[in-house]
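# Observations on the model geometry
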Amino acid sequence: AVLWPLLEATTDPSHPEADSVRDDGLRLLRAALGAGDGVPESAAALLPRAVALYARATQQAYSNGAQLETALDLANRGLSCGAEGAVRAQLLVAKAQVCQWLGRLGDAVEAAEQAAVIAQQGSDLWGEAQRLAAGALIELGRSSDGDTRAAWALRPEYGANLSLPIRALLLATRVRGLEDL
């Protein structure tokens, strides 16, 4: 029951990982349903793999651009499977990004803030979560809050560990926020 929606998700068949995601999903589904109707009790052991598949499918769907609702649905399903740690943060970042693109700015801020709490401080995943939260705050008309958040993420104790592209994105977010002030 948990894995079937992953297989039903509309994905771009021309994407290089479409076959791999589908094949992995089918293997998991066969394993989960192998003991008769429904999902056997041992399926709980399959949830971490299902979460990883949802994360890959989410990435694939939102990188295709036209499938934002599908990406959001897949991210939510992965989160509901009990995603933990970096994979949970990755799904939350994807959810924040999609929500921001869809104009659901409050949801974007919430997902990005949750991801920032989970991700390792100073990591690129953490920096991306901070950037998304700051950008959504700016778009919500809270430019001062967004700028403060981006500036805080760039402080030497955190920013020194971020990759140059993430630092550049945070700086660009600050410029956008300062422009709106």
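Keep in mind that this is a model prediction, so the values were computed, not measured.

## Quick notes on helix α10 (residues 164-180)
Its 17 residues give α10 an end-to-end C-alpha distance of 24 Å, which sits within 8% of 24 Å, the value for a rise of 1.5 Å per residue. Check the buried side of α10 and you find it contacts α7 (124-139) and α8 (143-153).

## Thoughts on the packing of helix α5 (residues 85-101) against helix α6 (residues 105-118)
Relative orientation of the contacting elements α5 and α6 amounts to 160 degrees, with a least axis distance of 8 Å. Between α5 and α6, the crossing angle belongs to the class labelled roughly antiparallel. Between α5 and α6 the crossing geometry is left-handed. Facing Gly85, Arg88, Ala89, Leu92, Val93, Lys95, Ala96, Cys99 and Gln100 of α5, the residues of α6 in contact are Leu105, Asp107, Ala108, Ala111, Ala112, Gln114, Ala115 and Ile118.

## With respect to the confidence of the model for the protein chain
With 73% of its residues at a pLDDT of at least 70, the protein chain reaches an overall mean of 81. Here residues 1-12 is a poorly scored stretch, pLDDT under 50, and it has 30 contacts once near neighbours within four places are set aside; other chains count.

## A word on the nonpolar core
Residues Tyr62, Leu91, Val98, Ala115, Trp126 and Leu170 are the most contacted members of the largest nonpolar core, which totals 43 residues. Mapped onto this core, the elements with two or more residues apiece are α3 (47-63), α4 (68-80), α5, α6, α7, α8 and α10. Ranked by the residues each element gives to this core, the list is headed by α5, at 8 residues. With residues up to four places along the chain from it excluded, the contact list for Leu170 reads Gly127, Gln130, Arg131, Ala150, Ala153, Leu154 and Leu162.

## Considerations on the pattern of salt bridges
The tally for this structure, following the rule as stated, stands at 8 salt bridges. Linking Glu128 and Arg131 is a salt bridge whose minimum nitrogen-to-oxygen distance equals 2.6 Å. Of this pair, Glu128 and Arg131 both sit in helix α7, 3 residues apart, which is roughly one turn of the helix. Among the residues examined, Glu128 registers a relative accessible area of 13% and is labelled buried. Here Asp145 ties to Arg142 by a salt bridge, and the two come within 3.0 Å at their closest N and O atoms. On the basis of relative accessible area, Asp145 is assigned to the partly exposed category, the value being 36%.

Conventions we followed
- Residues numbered from 1 in each chain as written.
- Predicted model: local features only at pLDDT ≥ 70, side-chain atom pairs only at ≥ 80, totals over all residues.
- Heavy atoms only, no water.
- Helix = DSSP H or I, 4+ residues; strand = E, 2+ residues; numbered from the N terminus.
- Expected span 1.5 Å × (residues − 1).
- Contact = heavy atoms within 4.5 Å.
- Axes fitted to C-alpha atoms, helices over the stretch in contact; angles between N-to-C directions.
- Parallel < 35°, antiparallel > 145°, perpendicular 65-115°, else oblique.
- Left-handed = near helix turned anticlockwise from the far one by under 90°.
- pLDDT = per-residue confidence, 0-100.
- Core = buried A, V, L, I, M, F, W, Y, C linked by side-chain atoms within 4.5 Å.
- Buried < 20%, exposed > 50% of the residue type's maximum accessible area, 1.4 Å probe, protein only.
- Salt bridge = Lys/Arg side-chain N within 4 Å of Asp/Glu carboxyl O.

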